[in-house]
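Chains, contacts and geometry: an overview
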Amino acid sequence: MNFRELRACTGRILKGKYRRAFRASVLYPTACLFAWLVPVILAAVLIQHGILTPWELFCGGIPRWALLCLLWSSLRFLFLLPVRLGTWSWFTELSGIAQTRKRLFSGMGAFFRAFRCFLCVELCRLAAALPLALGLSGAAYAFRAAEGLPEGGALLFLAVQCLCIAGYGAIGYARFCAGAAAVPFLFLAQPHAAPLVLLRTSFAVLHGRYAQLVRLVFGYFPAALPVLTIPFLLPYLMTDYTLFVQVCIREWEEKNHARTAFSDGTAAAVPA
């Protein structure tokens, strides 16, 4: 896939529509930032007043804090779900697939289908992050236990092994996140499909494209080094991301003779 053609297509799409794309692209990151800042600010206040220590924060020393985090994670998921789907639906419409946005959350049944689909994806994401979390926790406990022992070589060796597990876990988690990147677009195309079917299809669509996806996202990193430029780059990044996934879906459909809602609306918008 030629990224130069992809970005040229993005420039044509955003011509005359940049202001609306700017508002749409800033909404979702702002909502995510707000949702993540709330527990961070609360934890900082609790640490400042001596109610919580950094060790208890990361290792779950206080059950009430863990319960509060679980409750806030549930509320954050419900809050971000319509924002996330609305944002990707808008960029899908911008790319030439207007019918998907009109069906979004037309009733409680549609919201429940979206809730079930993305809850399944989030649970799979948590399962993919489990080796990373266990490896880091094991390494932290081993290093902490080795501090008070005169001969803690075995514990240090265990800590290094846990860090290796965490490293492999981070790679696996990154691969899962990259493989599941097409799920929102596939859901917009086929909202009645089973969650695991959408997840498997997403992995099939993006198989062998992980490096390209990373290059696409990190290609904006040099321009984003001055932090003030990030909001102005978001419309280009999110349009590029949407087009990239659509191209992958179209190529997968052509290869497997599959039919989705993307089949009839993508050809005019994305480069061949």
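Report on the accompanying structure. Throughout this document, residue positions are counted from 1 along each chain, in the order its sequence is written. Where totals are concerned, whole chains, interfaces and linings use all residues; where local detail is concerned, this predicted model gives features only for residues with pLDDT of at least 70, and gives and counts side-chain atom pairs only at 80 or more. Side-chain metrics rest on all non-hydrogen atoms present in the structure, leaving aside hydrogens and water.

Take the packing of helix 6 (residues 108-147) against helix 9 (residues 195-205) next. Axes, fitted as lines to C-alpha atoms, cover a helix only where it is in contact. Angles between the N-to-C directions of the axes lie from 0 to 180 degrees. Secondary structure elements are defined from DSSP: runs of H or I of at least 4 residues count as helices, runs of E of at least 2 residues count as strands, and each element is numbered from the N terminus. Look at helix 6 against helix 9: their axes get within 9 Å of each other, and the N-to-C directions meet at 60 degrees. On the basis of the axis angle, helix 6 is oblique to helix 9. Note on packing geometry: the crossing formed by helix 6 with helix 9 is right-handed. Every residue of helix 9 that contacts helix 6 at R116, C117, C120, V121 and C124 is listed here: P195, L196, L198 and L199. Residues are grouped as follows: nonpolar covers Ala, Val, Leu, Ile, Met, Phe, Trp, Tyr, Cys and Pro; charged covers Asp, Glu, Lys and Arg; every other residue, Gly included, is treated as polar. Here the contact of helix 6 with helix 9 is built from residues that sort into 8 nonpolar, no polar and 1 charged. Note on terminology: angles under 35 degrees are roughly parallel, angles over 145 are roughly antiparallel, angles of 65 to 115 are roughly perpendicular, and the others are oblique. Put simply, a crossing is left-handed when the front helix is turned counterclockwise from the back one by less than a right angle, and right-handed when it is turned clockwise. Note on contacts: a residue pair qualifies if any of its non-hydrogen atoms lie within 4.5 Å across the two residues.

Before going further, it helps to spend a moment on the side chain of T201. Assignment of secondary structure puts T201 in helix 9. Only protein chains enter the accessibility calculation, which uses a 1.4 Å probe; a residue whose area is less than 20% of its type maximum is buried, one above 50% is exposed, and one in between is partly exposed. Of the residues examined, T201 reaches a relative accessible area of 17% and is grouped as buried.

It is worth spelling out helix 7 (residues 153-179) at this point. Helical periodicity: at 3.6 residues per turn, an α-helix aligns residues three or four positions apart in one direction. To estimate how far a helix should reach, multiply one less than its number of residues by 1.5 Å. For helix 7, which comprises 27 residues, the first-to-last C-alpha distance of 39 Å matches the rise-based estimate of 39 Å (1.5 Å per residue) to within 8%. Listing the buried residues of helix 7 in full gives A159, C162, A166, G169, F176, A178 and G179.

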